[in-house]
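Descriptive analysis of the structure
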Amino acid sequence: MRALRFLMQKEFRQMFRDKGFTGRLFIAPAIQLILLPMAANYTIKNINIAIVDHDHSTVSQQLSNKILSSGYFKLADYTDFNSKAGALIENDKADLVLEFPSGFEKNMIRENNQKIAIQVNAINGVKASIGFGYLSGIIADYNNNLRLQWIQPGRTNTMPTIDVVSSYWYNPSLTYYIYMVPAILVSLITGIAGLSAAFNIVKEKEMGTIEQINVTPIKKYEFILGKLIPFLAVGTVVFSFGLLFSWVIYGIKPLGNIAVLYLFMYVFLFAILGFGLLISTYSQTQQQANSIMFLFMMVFNMMSGLYTPIDSMPGWAQVITHLFPISYFIDVMRMVVIKGSGIHDIRMHILFVFLIGLVLNTWAVLNYRKTT
Amino acid sequence: MSKEIVIRTNKLTKRFDDFVAVDEITFDVHKGEIFGFLGANGAGKTTAMRMLCGLSIPTSGEAMVAGYDVFKQPDEIKQNIGYMSQKFSLYEDLSVKENIEFYGGIYGLSNKQIKEKSGELIERLGLHNEADKLVSSLPLGWKQKLSFSVAIVHQPKIVFLDEPTGGVDPAMRRQFWDLIYDAADKGITIFVTTHYLDEAEYCNRVSIMVDGKIEALDSPEGLRKTFSASNMDEVFYKLARKAKRSAD
């Protein structure tokens, strides 16, 4: 075990000598934690709306004002002509077109029934459907108000309405960053601690130093532990920094026990370091390792539930996400940080990630050879 | 010179698919001897050496290194040999002292031994001013000398040197060979491959490999006589001309 001490000492010396190291450890995570939650904002604002008003009535004016003052919409144009609004959609200047037919107000009062047309530019599907949702909500709300005003005193309401009162648990104001920041921290740990272990070993191959190590009596497991332990330390530092940072900047304080978070982080690092190690045993150059990593990081980020909910993926895709340690960690982060879940609630997560880690590490150790 | 045998091979062979890189080589190396292992590029020198160091598993044959079997006791062999590869392989981002400490440490030297050894080594190489500098800042010749010294820091029985003086100027090569003689005087067996035929003259015995086989093995004088040549260059050309494999 004495050899292990020298291996780790060497590893730490090299780390701190690397000029970009402190940058990668603190500055990169800080920038990502500030920028990514902003970019990954689910609240859609600045939806461009064109209003075609053939009616020019009080009702059409009132409704238009209500829509524009909601804060979600930006007026692209207010016009009489359908063709002009159509051109705006074609040029991508408008996401939605709301059309008031002529006689809108009159028909509404006289026949108590009137249709309104909404056209949606579905090029950007998310923006379109969310924008449509907002718009329908506002119109329904306005509709209800009108109805209340017009009910004749003394007459009972002939149309019963169901009013939905919603409340959001755990994140009452649906603040997106409370949801995103813990998950982005997972992505960071994966990149900084897990995958740099792979590059580290491949670099030794490239430099030829691994051959010098292979002629020494160092045992396989000593060499691997000598690589993994320093990266566990790096992971601890980045994770602690990230938690502190999200508390200071976003005021996010884990509701659950912080020790549970750390426990899970170590189980996760065990798995992801095993993955990095496995890739390093299959790559001869950093270039190779890089392209393999790039592919996996893309898939991890897209499929781990970081940006889109796993529950809305097709069944086969959900099965795949259950093979990624990262999707478990994102889930655990959200559960413990936002909901205050305890160790009992995440015991299956711990078990699965541990098993994944066991498979990856065994595979990597078997595939790492000192001889050819 | 004692006749104790430290390396013995018997029909040692390495195949890569249907390519026979090393073809049934049989030879002995004696303790304290400087054994030159010559051959053209692609003759199979490095592969043979890697098998003896436990980096590559032989396909067939037998080999004993420092009294241990290459098939069964690779770990024991590794404790008793040093190795310096063609490619410079110390850590460029560690200082001279840190490299010595690291390799001393993983070979199991005590802290006291490491301290003594690195003092001794820095003294011998005249690296006082460079001891705390990163290895990447040293000129190639110095790196090679340091590499060699680190390869024998644990006082192995045998040290394997794979073209140790490639790309180094003649004066530096001379100094490098002084280090080799020093080590041999201390009883370390030197197993060295080289492309410089003047260096072959410095060896006690020389073997010449052609197409994976050992075609000649004798002292430099012996070889000159057998091939009625005036120097090692001629011996080498006479043998290498027979090669059918193209250099890689």
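First, a word on what this report is: a plain description of the structure on this page. Computed from a predicted model, the values in this text were never measured in an experiment.

Now for the overall build of chain B. When helices and strands are tallied, chain B shows nine helices and 10 strands. On C-alpha atoms alone, chain B measures out to a radius of gyration of 18 Å, which is about the 18 Å that the 2.2 N^0.38 rule sets for 248 residues. Structurally, chain B occupies a C-alpha span of about 50 × 40 × 35 Å along its principal axes. For chain B, the proportion of its 248 residues judged to be buried stands at 54%. The long-range share in chain B, meaning contacts at least 24 apart out of those at least 6 apart in sequence, stands at 69%. Carbon and sulfur atoms make up 48% of the accessible area of chain B, which amounts to about 10800 Å² in all. Each charge class in chain B can be summarised by its mean position, and for the 32 positive and 36 negative side chains these summaries are 3 Å apart.

What follows deals with helix α10 (residues 258-282) of chain A. Residue and element names in this part refer to chain A. Look at α10: 36 Å from first C-alpha to last across 25 residues, which is about the 36 Å you get at 1.5 Å a residue. Along α10, 18 of the 25 residues are buried, which leaves the element largely enclosed by surrounding structure. Its side-chain oxygen placed 2.9 Å from the backbone nitrogen of A259, N257 serves as the N-cap of α10.

Turning our attention to the pairing of strand β7 (residues 158-162) of chain B. Residue and element names in this part refer to chain B. β7 sits mainly inside the fold: five of its five residues count as buried. Taking every second residue as pointing to the same face, both faces of β7 are buried, with I158, F160 and D162 on one and V159 and L161 on the other. Inspection of the sheet shows strand β6 (residues 81-84) paired to β7 by four bridges, in the parallel sense. Looking across to β7, one finds that I81 is bridged to I158. When β7 meets strand β8 (residues 189-193), the two strands line up parallel, connected through five bridges. Across the sheet, residue F160 finds its bridge partner in β8, namely F191. A crossover links β7 with its parallel partner β8, the connecting element being helix α6 (residues 170-185), and its sense is right-handed.

A separate point is the environment of N361 of chain A. Residues and elements named next belong to chain A. The topology assignment puts N361 in helix α14 (residues 347-367). Each C-alpha atom, one on N361 and one on P101, is 67 Å from the other, the two residues being 260 residues apart in sequence. Residues contacting N361, with those up to four places away along its chain left out, are L228, F270, G274 and L277.

Contacts between chain B and chain A engage 34 residues on the former and 29 residues on the latter. Of the roughly 2700 Å² buried at the junction of chain B and chain A (both faces included), carbon and sulfur atoms supply 53%. In terms of surface lost to chain A, no three residues of chain B exceed L55, Y91 and I106 of chain B, which account for 21% of the buried area on that side. Counting every contact that joins chain B to chain A gives four salt bridges. Ionic pairing is found between E101 of chain B and R13 of chain A, a salt bridge with its closest N-O pair at 3.2 Å. Run the count over chain B and chain A and you get 15 residue pairs in polar contact (both at pLDDT 80 or more). Of all elements in the fold, only α2 (74-80), β6, α3 (96-106) and α4 (111-125) of chain B reach the threshold of two or more residues within the side of chain B that touches chain A. Looking at which element gives the most residues to the side of chain B that touches chain A, the answer is α3 of chain B, with six residues.

Parameters and conventions
- Residues numbered from 1 in each chain as written.
- Chains lettered and ligands numbered in written order.
- Predicted model: local features only at pLDDT ≥ 70, side-chain atom pairs only at ≥ 80, totals over all residues.
- Heavy atoms only, no water.
- Helix = DSSP H or I, 4+ residues; strand = E, 2+ residues; numbered from the N terminus.
- Rg over C-alpha atoms; globule rule 2.2 N^0.38 Å.
- Buried < 20%, exposed > 50% of the residue type's maximum accessible area, 1.4 Å probe, protein only.
- Contact = heavy atoms within 4.5 Å.
- Areas by Shrake-Rupley, 256 points an atom, 1.4 Å probe, with all protein chains shown as cover.
- Lys, Arg positive; Asp, Glu negative; His and termini not counted.
- Charge placed at Lys NZ, Arg CZ, Asp CG, Glu CD.
- Expected span 1.5 Å × (residues − 1).
- Polar contact = N/O pair within 3.5 Å; in protein donor to acceptor, adjacent residues only side chain to side chain.
- Pairing = 2+ DSSP bridges.
- Right-handed = clockwise from strand over helix to strand, strands pointing away.
- Buried area = accessible area lost by both parts, 1.4 Å probe.
- Salt bridge = Lys/Arg side-chain N within 4 Å of Asp/Glu carboxyl O.

On their own, these measurements won't tell you what the molecule is for.
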